[in-house]
Each structure stands twice: as C-alpha cells, then as structure tokens.
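Structural overview for review
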Amino acid sequence: MVKMIRLAVLGCAAIAGLAASQNSAQAAVVFSDTFDGETLGLNYNSFANWDVVANTGTVDLIGAPNFFNLYPGNGRYVDLDGSTNNAGVLATKASFAAGSYVLSFELGGNRRIGSADGVTVKLGDFTQSFTLNPLDPLSLIVLNVTTSIAGKLSFENTGGDNVGAILDDVTLTAVPEPSTLALASMGLVIGMVARRRRNQA
Ligand SMILES: [Ca+2]
Ligand SMILES: [Ca+2]
Ligand SMILES: [Ca+2]
C-alpha cells in the first residue's frame, strides 16, 4: 500500500514536471513592443509593428528625451489621441490565432487637461474597456485574454480632444493548451497504479 502511494506520488510529480516543461516549451511571447525604437512625431504612423487603421484618426509618438515627455524614464510611448481631434485605432500589423493569451501593457492618464479618457482593447473577439483619469499614473495592466477568432490586437481612445491616454510596453504571450503529452503520461501512471493494485489483490 505504501509502495502504491509512493508510486502515485512519483507519478504526480512526473506529471507536474512534464506539464511544467511542456508549458515552458510552449508558452511563448508572440508580440512585444516598448515603442522606444520609434521616431518622435505628431500624427505618427510609421510604427515598426503597428498601423493606425485608415480613416479612424491619429495617434502621437511622444516621450524621451523631451517631446511631451509626460512619463520620464519610460523612453517613448503613444498618446492614443493624436493631433487631428480624432483619436485613431492603433492595431498590430500582425494577426494572432484564436486561443488564450496573457496580454500586458501600461496605460496612463493623459497628464494634461480635460476629462477622463476611455480606452478599448481588442484582440479577435475579446474586448475590454478602461477609464483613465488625467492624473492616473502609468500602470501595468495584465489580462487573461481568450479569443475564438484570429485577429489583431488594437487600442482605441474614445473622443477626440488631442489629449489621450498613454500606452507603453505591450506584450502578448500565448498560453499553451493542456499538454497532450502530460495527459498521456497521466493515463500511463493511472494504468500503472491500477495494474499494481490488481497484482496485489
Ligand atoms: Ca517606452
Ligand atoms: Ca495628442
Ligand atoms: Ca481626451
């Protein structure tokens, strides 16, 4: 009986180890951007990894060293409401497969004037909205995201007063499906325990 328990414990440890190694093998950063390599500019649309969706409006690329550097120490970042009184939709050039992800990004208040900003985040059929008061600090937001369709990741500031919420440090990590190898090894261990139980009976 003790042996059987020991075998079961070993089996569980093996499963956990397998699952962990599978997860580390499969969990992958599929997108990451600090905006620090971009060129400073108003109504900017020369992003390496993003497009401002046509006919939706504009965004500004601001920050270090001294171009509307509202959040010193964060390099460069995006003012999600550009300078045409019409906030644009900032969408990744890449499209991401249906599935589960961890999405992290930093959002901060506009730090200038006026009312709060609404920001809507989308990935495929996932949507979530945030409200940023003007003096809200630049803060890390981490979301568990699941989309049933492939799609681009996008950020959109509501309104159009040229003073938008600030976006920086976007990272998207794919979450692996439950590992078929771990499931198979679990079946193997259950089979071993059952066989041992039969032998002892
Ligand atoms: Ca940055
Ligand atoms: Ca602006
Ligand atoms: Ca605004």
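What counts and what doesn't
Residues numbered from 1 in each chain as written. Chains lettered and ligands numbered in written order. Predicted model: local features only at pLDDT ≥ 70, side-chain atom pairs only at ≥ 80, totals over all residues. Heavy atoms only, no water. Donors = N, O, S within 2.8 Å, 3.2 Å for Na, K, Ca; no water. Helix = DSSP H or I, 4+ residues; strand = E, 2+ residues; numbered from the N terminus. Salt bridge = Lys/Arg side-chain N within 4 Å of Asp/Glu carboxyl O. Buried < 20%, exposed > 50% of the residue type's maximum accessible area, 1.4 Å probe, protein only. Core = buried A, V, L, I, M, F, W, Y, C linked by side-chain atoms within 4.5 Å. Contact = heavy atoms within 4.5 Å. Tetrahedral: all angles 85-135°; square planar, octahedral: opposite > 155°, others 65-115°. Lys, Arg positive; Asp, Glu negative; His and termini not counted. Polar contact = N/O pair within 3.5 Å; in protein donor to acceptor, adjacent residues only side chain to side chain. Pairing = 2+ DSSP bridges. Axes fitted to C-alpha atoms, helices over the stretch in contact; angles between N-to-C directions.

Protein coordination at the calcium ion (ligand 2) comes from Asp60 (OD), Asp79 (OD), Asp81 (O), Gly82 (O) and Asn162 (O), with a distance range of 2.3 to 2.6 Å. Here the donor residues of the calcium ion (ligand 2) are spaced in sequence according to D-x18-D-x1-D-G-x79-N. With a gap of 102 residues between them, Asp60 in strand β3 (residues 60–63) and Asn162 in the loop between β10 (153–157) and β11 (166–175) connect regions that are remote in the sequence.

What follows concerns the pattern of salt bridges. In this structure the tally under the stated criterion is two salt bridges. The partner of Asp51 in a salt bridge is Lys93, with the nearest N and O atoms 2.9 Å apart. One end of the pair, Asp51, is in strand β2 (residues 50–52); the other, Lys93, is in the loop between β5 (89–92) and β6 (99–108), with 42 residues separating them in the sequence. Taking relative accessible area as the criterion, Asp51 reaches 30% and is therefore assigned partly exposed. Note on Lys93: relative accessible area 39%, which makes it partly exposed.

By size, the foremost hydrophobic cluster in this structure holds 32 residues, and its most contacted members are Phe47, Leu90, Phe105, Phe155, Leu167 and Val170. Elements with a minimum of two residues in this core: β2, β6, β7 (117–123), β8 (126–132), β9 (139–147), β10 and β11. Among all residues touching Leu167, those that are not within four sequence positions of it are Phe35, Tyr77, Val78, Leu80, Leu90, Phe105, Glu106, Leu107 and Phe155. Grouped together as the second largest cluster of nonpolar side chains are six residues, Ile62, Tyr71, Tyr77 and Ile166 included.

Within the protein, Thr34 (O), Asp36 (OD), Asn74 (O), Arg76 (O), Asp168 (OD) and Asp168 (OD) serve as the donor atoms for the calcium ion (ligand 1), at 2.3 to 2.5 Å. In this structure, the calcium ion (ligand 1) is surrounded by six donor atoms whose angles at the metal cover 51 to 167 degrees, and the resulting shape is irregular. Ordering the donors of the calcium ion (ligand 1) by residue number gives the pattern T-x1-D-x37-N-x1-R-x91-D.

Mapped onto the elements, Asp33 comes out in strand β1 (residues 28–33). Although buried, Asp33 forms no salt bridge, and the nearest oppositely charged side chain, Lys93, lies 9.7 Å from it. Side chain to side chain, Asp33 and Trp50 meet in a polar contact 3.0 Å long.

Before going further, it helps to examine the sheet that holds β5. Whether parallel or antiparallel, the strands of a sheet pair through hydrogen bonds between backbone atoms. Strand order in the open sheet formed by five strands is β2-β5-β10-β7-β8, and the pairing between neighbours is antiparallel. Sheet topology places β2 and β8 at the edges, where each strand pairs with a single neighbour. On average, each strand axis in the sheet is tilted by 20 degrees relative to the strand beside it, whichever way the strands run. As defined by bridge partners, β2 adjoins β5 across three bridges and the pair is classed as antiparallel. Its bridge partner lying in β5, Trp50 is registered against Thr92.

None of this, on its own, says anything about what the molecule does.
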